[in-house]
Amino acid sequence: MNALVADIVPARPATPPGPETEMSPRTLLLLKGPILTTLLVLAWPNILVMVAQASTGLIETFWVSRLGTDALAGIALVFPGFMMMTMLSAGAVGGGISSAVARALGSGRRADADALVLHAVLINLALGLLTSALFLVFGRQLYAAMGGRGGSLEAAMAYSNVVFAGNVLIWLMNALASVIRATGNMAFPSTVVCIGVALLIPLSPIFIFGLGPLPGMGIAGGGVAVVATTALMAAILAWYILSGNSIVRFRIARLKAAFFADILRVGGVGSLSTLQTTLTVALTTGLVGAAAGPDAVAGYGTGSRLEYLLIPLVFGLGAPMVAMVGTNIGAGQNRRALSIAMIGAALAFVACEAIGLGAAIWPRAWLGLFGDNPVMIATGANYLRFVGPTYGFFGLGLALYFASQGAGKLAWPLLAGFARLVIAVGGGWLALAATGSESSVFVMLAVALAAYGGIIGIAVRSGVWFRNKPDAGSFS
């Protein structure tokens, strides 16, 4: 792999550490440790906990499905927007935070890394408040446009108003976790998320159905459980940084436009990519709803939730890739950075393809967990049979998206996401108009995922990160 990458990226001497401080052993591991071993050591606890975090949605869906098909369809309508908040705060802007901090540490700018913590928290608090307001004000119109009606629309609103009232806590939690992950510490954020998931398992049914004198809140209770556990996780992560246990520290620093820009130039473009993914799911949900009604929406939403489960799975691998790629590029080790990206992408492809093929062969093993409505089962199974075999390309593209965050180069992931959106939604609409069959929409979704992974893979492999790339600088 190193020989292959050497043909693409010219050798460049490493940037010497800055005079501010000696590099920590954790940072040196990112710069000098064996790539595959280091990536797996950092990734496995992260993958485990990201799957656990994704399980929060599955736990909710399992209990909410006991309230009936309207409740299941309602949560399917809200889920793309709620997942978008997680993806934006953890994967997009969170990736920008991790990238900025990792590059600062890699080039020896310890004081800059500390100052970035305050800027990261302020950015995510502001974005959390803004996105909460949008969903609280315009949620009903959005869910109606996605096919919600009657009982499913009312269920969506009951759940949405709770989770988006507490949305700012999700943004805060992911800002703090991204700062810690940037240092190469994946274990502590992972432990905190596991605590939250463990608490959610009993809290969800208690708040949904009630216990003793505590009355059941219905579908809204699921949202209350998520908000409560998120608040606890944010508090623990804040304590860890404030107590001085983290390599980077929270300190009051003069606000600098350059620090905000360093986070947002990666996080902003990453946010556009995240919005593309969510818009793709939301618009295709509308197509399915228009073609076959709320029961089909429940089936498509439940089936596509497995695709969303891949995001935290790949994020578990991608968060170490952001830290490793960013730190190595900050130190001028371009060849090593690209090797990290290609090895991580191969791992993501294999893992996601295995899940997709399993879902395509045995779709009812997944769908049966959430209900037995015939239309829901049939639609979800149809989706998984067509789209599941292309999940590997989604994993490959997503892994290279995270690696590109570390490199601070997101133009090609953004282009690939746009291609996916056009093929899935535009192609799906044309196919539906021509055939009247939901199967034709799912065929276009599969083509779109293959195009997404293929475009990013070819671009990164060709060395686009390092064309006209300036040397890493300082914000001093």
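Starting from 1, residues in each chain are numbered consecutively following that chain's sequence as written. With the structure being a predicted model, the display of local features is reserved for residues of pLDDT at least 70 and the display and counting of side-chain atom pairs for 80 or more, all residues being used for whole-chain, interface and lining totals. Think of the side-chain values as coming from all heavy atoms in the structure, minus any hydrogens and water.

(A) Main features of the overall build of the protein chain. Where helices and strands are cited, they refer to DSSP runs of H or I of at least four residues and of E of at least two residues respectively, numbered from the N terminus. Looking only at helices and strands, one finds 17 helices and 2 strands in the protein chain. Each residue is placed in one exposure class: buried if its accessible area under a 1.4 Å probe, protein chains only, is under 20% of its type's maximum, exposed if it is over 50%, and partly exposed if it falls in between. Expressed as a percentage of the 476 residues in the protein chain, the buried residues total 60%. Only heavy atoms enter the contact rule, under which two residues are in contact if any of them lie within 4.5 Å. In the protein chain, once contacts between residues fewer than 6 apart in sequence are set aside, the share between residues at least 24 apart is 85%. Here the accessible surface of atoms and residues is derived via Shrake-Rupley with a 1.4 Å probe, and residues count as covered only by protein chains that are part of the display. When the accessible surface of the protein chain is summed, it comes to about 17000 Å², and 71% of that surface belongs to carbon and sulfur atoms.

(B) The arrangement of the side chain of Thr 280 in detail. Tracing the backbone shows Thr 280 in helix α10 (residues 257-292). In contact with Thr 280, other than residues within four places in its own chain, are Arg 420, Leu 421, Ala 424 and Val 425.

(C) Local environment of the nonpolar core. The term nonpolar core refers to a set of buried residues drawn from Ala, Val, Leu, Ile, Met, Phe, Trp, Tyr and Cys, joined through side-chain atoms within 4.5 Å. Of all hydrophobic cores here, the largest spans 141 residues; its most connected members are Tyr 143 and Trp 465. A total of 21 residues in this core trace back to one element, the largest contributor, which is helix α4 (residues 69-106). Not counting chain neighbours up to four residues away, the residues in contact with Trp 465 comprise Val 325, Ala 337, Leu 338, Ala 341, Ala 403, Ser 404, Ala 407, Lys 409 and Val 460.

(D) Region of interest: the packing of helix α5 (residues 110-145) against helix α6 (residues 150-165). A fitted line through C-alpha atoms serves as each axis, taken over the contacting stretch for helices, and the angle formed by two N-to-C directions is quoted from 0 to 180°. Running from N to C, α5 and α6 cross one another at 165°; their axes reach a closest spacing of 10 Å. Classified by the angle between their axes, α5 and α6 sit roughly antiparallel to one another. Judged by the sense of rotation from one axis to the other, the crossing of α5 with α6 is right-handed. Only Leu 153, Glu 154, Ala 156, Met 157, Ser 160, Asn 161, Phe 164 and Ala 165 of α6 make contact with α5, whose side of the interface consists of Ser 132, Phe 135, Leu 136, Gly 139, Arg 140, Tyr 143 and Ala 144. Comment on the angle field: the value is read as roughly parallel under 35 degrees, roughly antiparallel over 145, roughly perpendicular from 65 to 115, and oblique elsewhere. Here a crossing is called left-handed whenever its near helix is offset anticlockwise from the far helix by less than a right angle, and right-handed whenever the offset is clockwise.

(E) How the structure looks around the environment of Ala 257. Along the chain, the position of Ala 257 falls in helix α10. Sequence-wise, Ala 257 and His 119 are 138 residues apart; in three dimensions their C-alpha atoms are separated by 9.5 Å.

(F) Structural view of the pattern of salt bridges. Here a salt bridge means any side-chain nitrogen of Lys or Arg lying within 4 Å of a carboxyl oxygen belonging to Asp or Glu. Across all of its chains, the model carries 5 salt bridges by this definition. Note that Arg 140 is salt-bridged to Glu 154, the shortest N-O span being 2.9 Å. Remark: Glu 154 occurs in helix α6 and Arg 140 occurs in helix α5; sequence separation between them is 14 residues.

(G) Expanded view of the packing of aromatic side chains. Each pair of aromatic rings taken from Phe, Tyr and Trp, with Trp reduced to its six-membered ring, is defined by centres within 6.5 Å and is described as stacked if the planes are under 30 degrees apart, edge-to-face if over 60, and tilted in the remaining cases. For the structure on display, the rule yields 8 aromatic pairs. Ring geometry for Phe 135 against Phe 164: centres 4.1 Å apart, planes inclined by 5°, an arrangement best described as stacked. With Phe 135 in helix α5 and Phe 164 in helix α6, this pair connects stretches of sequence that are 29 residues apart. For Phe 164, a relative accessible area of 0% gives the class buried. Their ring planes at 40° and their centres at 6.1 Å tell us that Phe 394 and Tyr 452 sit as a pair that is tilted. Residue Phe 394 is located in helix α15 (residues 391-407), and its partner Tyr 452 is located in helix α17 (residues 438-461); the two are separated by 58 residues in the primary sequence. Residue Phe 394 shares its accessibility class with Tyr 452, and that shared class is buried. In this structure an aromatic cluster arises from ring pairing among Phe 188, Trp 239 and Tyr 240.

(H) Seen up close, the packing of helix α12 (residues 334-361) against α15. The contact between α12 and α15 brings their axes to 7 Å, and the two run at 150°. By the angle between their directions, the pair α12 and α15 is classed as roughly antiparallel. For the pair α12 and α15, the crossing hand works out as right-handed. Along the contact surface, α12 presents Ala 341, Met 342, Gly 344, Ala 345, Ala 348, Phe 349, Cys 352, Glu 353 and Gly 356, while α15 presents Tyr 391, Gly 392, Phe 393, Gly 395, Leu 396, Ala 399, Leu 400 and Ala 403.

(I) The arrangement of the environment of Gly 128 in detail. Mapped onto the secondary structure, Gly 128 falls in helix α5. On the basis of relative accessibility, which here comes to 0%, the residue Gly 128 falls in the buried class. Put simply, Gly 128 and Leu 88 are 40 residues apart on the chain and 9.8 Å apart in space, counted from C-alpha to C-alpha. Discounting chain neighbours no more than four positions away, the residues touching Gly 128 are Asn 167, Val 168 and Trp 171.

(J) α17, seen in detail. With 24 residues, α17 should reach 34 Å at 1.5 Å per residue; the first-to-last C-alpha distance of 35 Å fits that figure. Among the residues trailing α17, Gly 463 stands out with phi positive, at a value near 95°. For a helix, the expected span equals 1.5 Å multiplied by the residue count minus one.

(K) Here's a closer look at a nonpolar patch on the surface. The patches reported here contain residues having more than 30% relative accessible area and no salt bridge. Joining distances are 9 Å for like charges and 5 Å for nonpolar side chains (Val, Leu, Ile, Met, Phe, Trp, Tyr). On the surface, a cluster of nonpolar side chains totalling about 470 Å² of accessible area is made up of Leu 130, Leu 134, Leu 136, Val 137 and Phe 138. Take Phe 138: it is sitting in helix α5. By relative accessible area, which is 46% here, Phe 138 ends up partly exposed.

(L) Local environment of the side chain of Asp 114. Relative to the helices and strands, Asp 114 resides in helix α5. In protein, a polar contact means a hydrogen-donor-capable atom and an acceptor-capable atom, both N or O and within 3.5 Å, with residues adjacent in sequence counting only if both atoms are side-chain atoms; elsewhere, any N or O pair within 3.5 Å suffices. A distance of 2.9 Å separates the side chain of Asp 114 from the backbone nitrogen of Arg 249, its partner in a polar contact. Once residues lying within four places of it in the same chain are set aside, the contact partners of Asp 114 are Ile 247, Val 248, Arg 249 and Arg 251.

(M) Examining α6 more closely. Taking 1.5 Å of rise per residue, 16 residues should cover 22 Å, and α6 covers 23 Å from first to last C-alpha, within 8% of that figure. Within α6, burial applies to Ser 152, Leu 153, Ala 155, Ala 156, Met 157, Tyr 159, Ser 160, Val 163 and Phe 164.

(N) Region of interest: the environment of Leu 129. As for its placement among the helices and strands, Leu 129 is situated in helix α5. Taking the C-alpha atoms as reference points, Leu 129 and Phe 164, 35 residues apart in sequence, are found 9.3 Å from one another.

(O) Expanded view of the confidence of the model for the protein chain. A residue's pLDDT is the predictor's confidence in that residue, given on a scale from 0 to 100. The share of residues in the protein chain with pLDDT of 70 or more is 89%, and the mean pLDDT across the chain is 81. Low pLDDT, under 50, characterises residues 1-21; the predicted model gives this stretch 43 contacts beyond four residues in sequence or across chains. Of the regions scoring below 50 in pLDDT, residues 469-476 engages in 17 contacts with residues more than four places distant in sequence or in other chains.

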